[in-house]
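In case you want the letters, here they are:
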Amino acid sequence: MIISEQKPREEILEMLKGKEKVFIVGCAACATKCQTGGEDEVKEMKRELKKEGKKITGTIVLDTPCDERIVKKDLSSLSSLKNSNSLLIMACGVGLQTIGKLIDRPLIPALNPLFAGTTERIGRYYEYCSLCGDCLLDEFEGLCPLTRCAKGLLNGPCGGARDGKCEVNPAPARRSGVNDEIDCVWALIYEKTKEPLKTYYEPRDYKKILMPGRRVVR
Amino acid sequence: MSRFSERLKSKKFIITCEIFPPKGTDLTNLLKKAKALKGIVDGVNVTDSQRAIMRISPLAVCHILKEKGLEPIFQLTCRDRNRVALQSDLLGASALGIENILILSGDHPTIGDHPEAKPVYDLDPVQLLKTARTLEKGEDLAGRRLKGTPKFCLGAVANPSFEPLELQVLMMEKKVRAGAEFFQTQPIFDLRTFKDFQKKVSKLEAKVIISIFLLKSLKMAQLMDEIGLKIPKEYLKRLEKAEDPLKEGMNIAVDLIKEIKNECDGVHLMALGKEEYIPEILKRANL
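Computed from a prediction, not measured in an experiment: that's the story for all the values here.

Rules behind the numbers
- Residues numbered from 1 in each chain as written.
- Chains lettered and ligands numbered in written order.
- Predicted model: local features only at pLDDT ≥ 70, side-chain atom pairs only at ≥ 80, totals over all residues.
- Heavy atoms only, no water.
- Contact = heavy atoms within 4.5 Å.
- Buried area = accessible area lost by both parts, 1.4 Å probe.
- Salt bridge = Lys/Arg side-chain N within 4 Å of Asp/Glu carboxyl O.
- Polar contact = N/O pair within 3.5 Å; in protein donor to acceptor, adjacent residues only side chain to side chain.
- Helix = DSSP H or I, 4+ residues; strand = E, 2+ residues; numbered from the N terminus.
- Nonpolar A, V, L, I, M, F, W, Y, C, P; charged D, E, K, R; others polar.
- Axes fitted to C-alpha atoms, helices over the stretch in contact; angles between N-to-C directions.
- Parallel < 35°, antiparallel > 145°, perpendicular 65-115°, else oblique.
- Left-handed = near helix turned anticlockwise from the far one by under 90°.
- Pairing = 2+ DSSP bridges.
- Core = buried A, V, L, I, M, F, W, Y, C linked by side-chain atoms within 4.5 Å.
- Buried < 20%, exposed > 50% of the residue type's maximum accessible area, 1.4 Å probe, protein only.
- Domains from an automatic or database assignment.

## Things to note about the interface of chain A and chain B
Here is step 1 of the chain: Of the residues lining the interface, 27 residues belong to chain A; the matching set on chain B comes to 29 residues.
Here is step 2 of the chain: Of the roughly 2300 Å² buried where chain A meets chain B, counting both sides, 58% is carbon and sulfur surface.
Here is step 3 of the chain: When residues of chain A are sorted by the area they lose upon contact with chain B, A:Lys151, A:Tyr190 and A:Tyr200 head the list and together hold 24% of the total.
Here is step 4 of the chain: Across the contact surface, chain A and chain B share 1 salt bridge.
Here is step 5 of the chain: A:Lys194 is the partner of B:Glu166 in a salt bridge, and the nearest nitrogen-oxygen pair spans 3.0 Å.
Here is step 6 of the chain: The interface formed by chain A and chain B includes 15 residue pairs in polar contact (both at pLDDT 80 or more).
Here is step 7 of the chain: Looking at the side of chain A that touches chain B, the elements that each hand over two or more residues are helix H8 (185-192) and helix H9 (195-198) of chain A.
Here is step 8 of the chain: Across the side of chain A that touches chain B, the residue classes break down as 16 nonpolar, 4 polar and 7 charged.

Shown next, in the form of structure tokens:
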């Protein structure tokens, strides 16, 4: 799923300056799972914005704000939108832009979308997939070096890891004493198989993930 | 064929060292150091914004060193250039007569002085080695013909302190298959580490040049130990007791070279700004 975090309140308030009538949109999918844009977070946001003197014209948590059909069905026709001079979107950038295609109002992002990741528990997420358009997981025992190696090295590790941990481990995490150091994915792969160390992998075909994105039609 | 390449092909002991390009355009200091190294070493590595700290282009510095009669080894990392820029710089190096290339992934930007930079790593070092060999065949990665064909002497890096060591050795074998003719290692301080490593790489079809690091202080040694480079307690004690730690660091370097020189293909001296001491270290180590 899309892992996200909430932007700092001050940043949100700054973006909402001069916009007094705010409609809040949450996401019942990824942002609910991350506890960044579900029912509870939307309620909390409503409370806080009211305290700041904003008028909340309405709130909704869409099943999937990234689906135009859902936005059309559940959001577009809401009359309270007409009374709003901005929509605060508590969903990822895909959700926000999907809403933007259908609703002509200023949209304010309340979240920072981070990556496609897995949830160990709330607040502990790991990026596992780069959506690269050419999955090679069968080659690497289900461990993605493109995503989970900081340098995306396909042919094996650099010399920087120690004790099985990556050289780019964030210093703040070390200082805080939280043991969330990034594993060297090549150490993990090597534990399972040596084959990828003996095979040559060609450079990736990045035209498969060329910005500005694919449009798959079928 | 480059002088360094000829040396690799001979049975002779290889001596290399490295100098760091400055942050800025003033090369006075660098050229002073380079002068002291002329005729003393077989090759001088010019680092590519090492530790991800932005510095003047190593290709420019290599060119200037070559003009001064030194034998440069151009360090080329995968960190900052995509495959277009990498091939372009390889061709540029060749046109400037710079054939010796050391290929490495490059320290990640997040540990350097521009942590906001976008890391590239479009190719990995194995792919880049192959790419350089492809250029030598007269075509680029896209299969297009080149007008004028480059010639390279290619090297790669390895870390003898890496655990598990076999993983590094497998990588080295892969790099040899991709075109590496020589390796320069991370520094070694511990003879046990050296011997274990040497045993595993002796059959490799490439020259393995072992790095010797000039410890300048106890603090530096402790830092190196912390990052996993295993500094023997004896050396830490010697540095602690020494009145002049830099001098003691030189003694340690000399001792280490004497210990290993008959069991390896060559040494690479990392003096971190104290390159002027390299001639003395080599002399005292009877090289």
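Now, onward.
## Let's talk about the packing of helix H4 (residues 83-95) of chain B against helix H5 (residues 125-136) of chain B
Residues and elements named next belong to chain B.
Here is step 1 of the chain: Two numbers describe how H4 lies on H5: the axes approach to 11 Å, and their chain directions differ by 50°. Here H4 lies oblique to H5, going by the angle between them. Regarding H4 and H5, the two cross each other, and that crossing is right-handed. Residue-level contacts link Leu86, Gln87, Leu90 and Leu91 of H4 to Leu128, Thr131, Ala132 and Leu135 of H5.
Here is step 2 of the chain: In terms of residue class, the contact of H4 with H5 is made up of 6 nonpolar, 2 polar and no charged.

## Regarding the sheet that holds strand S1 (residues 2-6) of chain A
Residue and element names in this part refer to chain A.
Here is step 1 of the chain: Ordered in space as S1-S6-S7, the 3 strands form an open sheet in which the pairing is antiparallel. Unpaired on one side and paired on the other, S1 and strand S7 (124-129) mark the two borders of the sheet. Averaged over all neighbouring strand pairs, the angle between strand axes comes to 70°, with direction disregarded.
Here is step 2 of the chain: Of the pairings in the sheet, the one linking S1 to strand S6 (residues 111-121) comprises 5 bridges and is antiparallel in character. Residue pairing across strands places Ile3 opposite Phe115, the latter belonging to S6.

## Focus: the nonpolar core
Here is step 1 of the chain: Counting 101 residues, the largest nonpolar core has A:Trp186, B:Leu65, B:Ile101 and B:Phe183 as the members making the most contacts within it.
Here is step 2 of the chain: Look past the residues within four positions of B:Leu65 in its chain and what remains in contact with it is B:Ile19, B:Leu30, B:Leu31, B:Ala34, B:Val44, B:Val46 and B:Leu70.
Here is step 3 of the chain: The next biggest cluster of nonpolar side chains, apart from the first, holds 18 residues, and it includes A:Cys27, A:Leu62, A:Leu87 and A:Ala91.

## Quick notes on the environment of B:Gly43
Residues and elements named next belong to chain B.
Here is step 1 of the chain: Residue position: Gly43 is located in strand S2 (residues 43-46).
Here is step 2 of the chain: Given a relative accessible area of 0%, Gly43 falls into the buried group.
Here is step 3 of the chain: A C-alpha to C-alpha distance of 6.9 Å links Gly43 and Ile15, two positions 28 residues apart in sequence.
Here is step 4 of the chain: The contact partners of Gly43, leaving out residues within four places of it in the chain, are Phe4, Ile15, Thr16, Cys17, Glu71 and Ile73.

## Things to note about the pattern of salt bridges
Here is step 1 of the chain: Under the criterion given, the structure shown has 32 salt bridges over all chains.
Here is step 2 of the chain: Two residues, A:Glu68 and A:Lys101, come together in a salt bridge whose shortest N-O distance is 2.7 Å. One end of the pair, A:Glu68, is in helix H4 (residues 68-76); the other, A:Lys101, is in helix H5 (residues 93-102), and 33 residues separate them in sequence.
Here is step 3 of the chain: The shortest N-O distance in the salt bridge between B:Arg83 and B:Asp122 comes to 2.8 Å. Here B:Asp122 lies in the loop between strand S4 (100-104) and H5 and B:Arg83 lies in helix H4, a separation of 39 residues in the sequence.
Here is step 4 of the chain: The network of salt bridges with shared partners includes B:Lys9, B:Arg133, B:Glu136, B:Lys151 and B:Glu181.

## Re the domain arrangement of chain A
Here is step 1 of the chain: Here chain A is partitioned into domain 1 (2-114) and domain 2 (141-202).
Here is step 2 of the chain: Just the C-alpha atoms count here: the centres of domain 1 of chain A and domain 2 of chain A sit 37 Å apart.

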